[in-house]
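Breakdown of the fold
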Amino acid sequence: MTNTRLTALTLLTAASVTLASCAANVGTPTPPEVSAAATVIPAERFFTADQFTYANYQDVVVKHAALDLDVDFDRKVLDGAVTLQFDRIDPSAETLTLDTKDLMIKSVDLDTDAGWMPADYTLAAADPVLGSALAIDIGDDATQLRISYETSPDAEGLQWLTPAQTAGKEEPYLFSQAQAINARTMLPIQDTPAVRMTYEASLRVPDGLLPLMSASQDGQDANGNWTFEMPQPIPSYLIAIAVGDIGFKAINDTIGVYAEDYILDASAEEFAETPMMEAANTELYGPYRWGRYDLIVLPPSFPFGGMENPRLSFMTPTLIAGDKSLTNVVAHELAHSWSGNLVTNASWRDAWLNEGFTSYVENRVMEALYGEKRAVMEQALGLEDLKRDIADAARPSLTQLKLNDDLTHPDEAFSQVTYVKGQFFLNFLEDRFGRAAFDPFLKSYFNTYAFESITTEDFLAFLDANLRAKNPGAVTDAEIDEWVYGQGLPGTIRNPQSDAFDTVAAASSRWTRGEITAEELPTADWSTHEWLHFLNGLPALSQAQYKALDDAYSLTGTQNAETAFAWYMQTIKGGYAPALPAVEEFLMSVGRGKFIYRLYGALKDNGQAEMANRVFANAKAGYHPIAQRRISDVLGE
Ligand code: BES
Ligand code: ZN
């Protein structure tokens, strides 16, 4: 293994829904630039309600939120007020219903003809997933209200780290994760991707700490408040905040990296090619519409690889491998600036419109920058994961692109089906129509639905009108239906042919058959991708074989988090005990869900339930609330 981790990461010690009005481009600075004359399908034709919100957004819709908050590290709460501006879709509507979860509502005031007046409201009993509906009497002509509130120290969308839990050890740290339905633990809001709003914020934080949001960072005003503005309408799940002892390093004039000092230089180096990614994306799909693009490398307890908060992607430090081998995650989060943030899934049942499109765009950008060989390897690795997730799906309906209304939590919408099956559906369309037609079609899709929230059916209608109508024989209705509404792996899925992976697989077989020794495996020029293919494809080995591999390549304790994870999954399944102390260290130092949920599951399923429970008990306090909940589920607590 050639990768060196530059810095130790430690958690504990260191530490149609679219109603016409929701869809309006109000406040959009850049006018849509439509590359070809596209046929627009009115989104309200495909209205389906979002089952994960209490908001009555079909009647009254929030257009703007102005936050005014103290970030209180002593009490671990956000404390202050939000002013909401709203439009009445139904002119007779006199109630605005918002989502809240674990919020303390202190008062609600309405801006009336007679000035600001206390409003009548009711806060419903809490549902464990959805939280509590806040129904406010808005009379018949008010257009804004103000809610004083504070969050709970246990808010699932916020992780409050003590100084001891940070790398710098001196200052506390806060970061949010609103997707999918945790914005409601940060503020009372219509917490559905069907609703888009602009926002602004004024924050007070302790001296010496830097607050950042998914917005323009406008600095401190005369009163010392930190101010932010997001002038483009976004869904609530993209509202984000991070506060800490955070430094900044520019990559170019419009792109830079924020991080704690220990990892700032390494992060700027790892992500140095982000400007080329933005250029490739723009070349394919039109202008980047959000102003600056910055990245923040969060503490290791960040539960995702990346999160596409607009203007400021949130990233896990496990990407800082030292060799740029994991930067497809940057390509992914940046790609969301088109797929997801610009054109948004209107409900979590349509999540593939965000994640499948983004996985496709990510891979196109990786191909543009690094060539077909790497892009195809990444497709092949994705397909391996997709096959596993289809085989492991809790219910067959979870293997559909358009998901049913049987979801119990939006988490269920984010398997590799949504990502990779979605990506391969677009690859299928690309193969059938050809890039010469498909690339301009996608560009026109992003422009046509810019700043709107749409359903799968909106996309299919746009596909019919703008691509299929012009190329009637290219795909059949039955093929499209199989991809979108069918279960499992479609018969027409592309087979990514990687010669590099074939070579790896051939060498692997020669080794497992005893024809060559572990040292004789041709690993000298293997990239991280080839290592991952090798490790993921290993059959059950003898203890001597695990040891031979480990001795030859020091896999246990390797510093590339992806390779370490792949190796640990195999060794747990194969009962190779010498790796277990390193697995424990990994679980104590990394909070990224993609790795740790499956490691805990594998331990539990392979005779190590006791270890899993013991390590979780020790690591839990350092994990993000989202990860705590997910691992409790895995371990059946
Ligand atoms: N938007 C997701 C992260 C997410 C999904 C947060 C669902 C909350 C609920 C983000 O864009 C993402 O997909 N991240 C991936 C990386 C990607 C390369 C597949 C991750 O975190 O691993
Ligand atoms: Zn994504």
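Residues numbered from 1 in each chain as written. Chains lettered and ligands numbered in written order. Predicted model: local features only at pLDDT ≥ 70, side-chain atom pairs only at ≥ 80, totals over all residues. Heavy atoms only, no water.

**Observations concerning the overall build of the protein chain**
For the protein chain, the helix and strand inventory stands at 18 helices and 22 strands. Here the protein chain holds 637 residues, and the buried ones make up 60% of them. About 22400 Å² of surface is accessible on the protein chain, with carbon and sulfur atoms providing 50% of the total. Across the protein chain, the mean location of the 45 positive side-chain charges is 5 Å away from that of the 88 negative side-chain charges. (Helix = DSSP H or I, 4+ residues; strand = E, 2+ residues; numbered from the N terminus. Buried < 20%, exposed > 50% of the residue type's maximum accessible area, 1.4 Å probe, protein only. Areas by Shrake-Rupley, 256 points an atom, 1.4 Å probe, with all protein chains shown as cover. Lys, Arg positive; Asp, Glu negative; His and termini not counted. Charge placed at Lys NZ, Arg CZ, Asp CG, Glu CD.)

**Describing the coordination of the zinc ion (ligand 2)**
Donor atoms from the polypeptide that coordinate the zinc ion (ligand 2) comprise His332 (NE2), His336 (NE2) and Glu355 (OE), at 1.9 to 2.1 Å from the metal. Sequence positions of the residues that donate to the zinc ion (ligand 2) give the spacing H-x3-H-x18-E. Judged on exposure class, the residue His332 and its partner His336 are both buried. (Donors = N, O, S within 2.8 Å, 3.2 Å for Na, K, Ca; no water.)

**Section: the site of ligand 1**
In the vicinity of ligand 1 there are 15 residues, among which Gln179, Gly305, Glu308, Glu333 and Tyr419 approach most closely. Backbone polar atom of Gly306 to a nitrogen atom of ligand 1: 3.2 Å apart, as the coordinates give it. Protein contact buries 89% of the 520 Å² of open area that ligand 1 shows by itself. Of all the secondary structure elements, the ones that give two or more residues to the shell around ligand 1 are β19 (306-307) and α4 (328-335). (Near = heavy atom within 4 Å. Polar contact = N/O pair within 3.5 Å; in protein donor to acceptor, adjacent residues only side chain to side chain.)

**Examining the sheet that holds strand β7 (residues 132-137)**
Read from one edge to the other, the open sheet built from three strands follows the order β3-β7-β6, with strand pairing classed as antiparallel. Looking along the sheet, the strands with just one partner apiece sit at the ends: β3 (95-100) and β6 (121-123). Within this sheet the neighbouring strands show an average axis-to-axis angle of 15 degrees, counted without direction. In terms of strand pairing, β6 meets β7 through three bridges, oriented antiparallel. (Pairing = 2+ DSSP bridges. Axes fitted to C-alpha atoms, helices over the stretch in contact; angles between N-to-C directions.)

**Here's the deal with the pattern of salt bridges**
Scanning the entire structure with this criterion turns up 37 salt bridges. Residues Asp68 and Arg204 are paired through a salt bridge, measuring 3.0 Å at the closest nitrogen-oxygen approach. In this pair, Asp68 is assigned in strand β1 (residues 60-72) and Arg204 in strand β11 (residues 197-204), connecting sequence segments 136 residues apart. Its relative accessible area of 25% is what places Asp68 among the partly exposed residues. We note a salt bridge from Arg364 to Glu430, for which the minimum N-O separation is 3.8 Å. Taken together, the positions of Arg364 in helix α5 (residues 351-370) and Glu430 in helix α7 (residues 416-433) put the pair 66 residues apart, joining distant regions of the chain. (Salt bridge = Lys/Arg side-chain N within 4 Å of Asp/Glu carboxyl O.)

**Looking at the pairing of strand β4 (residues 104-112)**
Here β4 runs beside strand β8 (residues 144-150); their pairing, made up of six bridges, is antiparallel. Bridge pairing links Met104 to Glu150 in β8. Both β4 and strand β5 (residues 115-118) contribute to a ladder of four bridges, which runs antiparallel. If you follow Leu110 over to β5, its bridge partner there is Met117. Counted between consecutive antiparallel strands, the loop separating β4 from β5 contains two residues.

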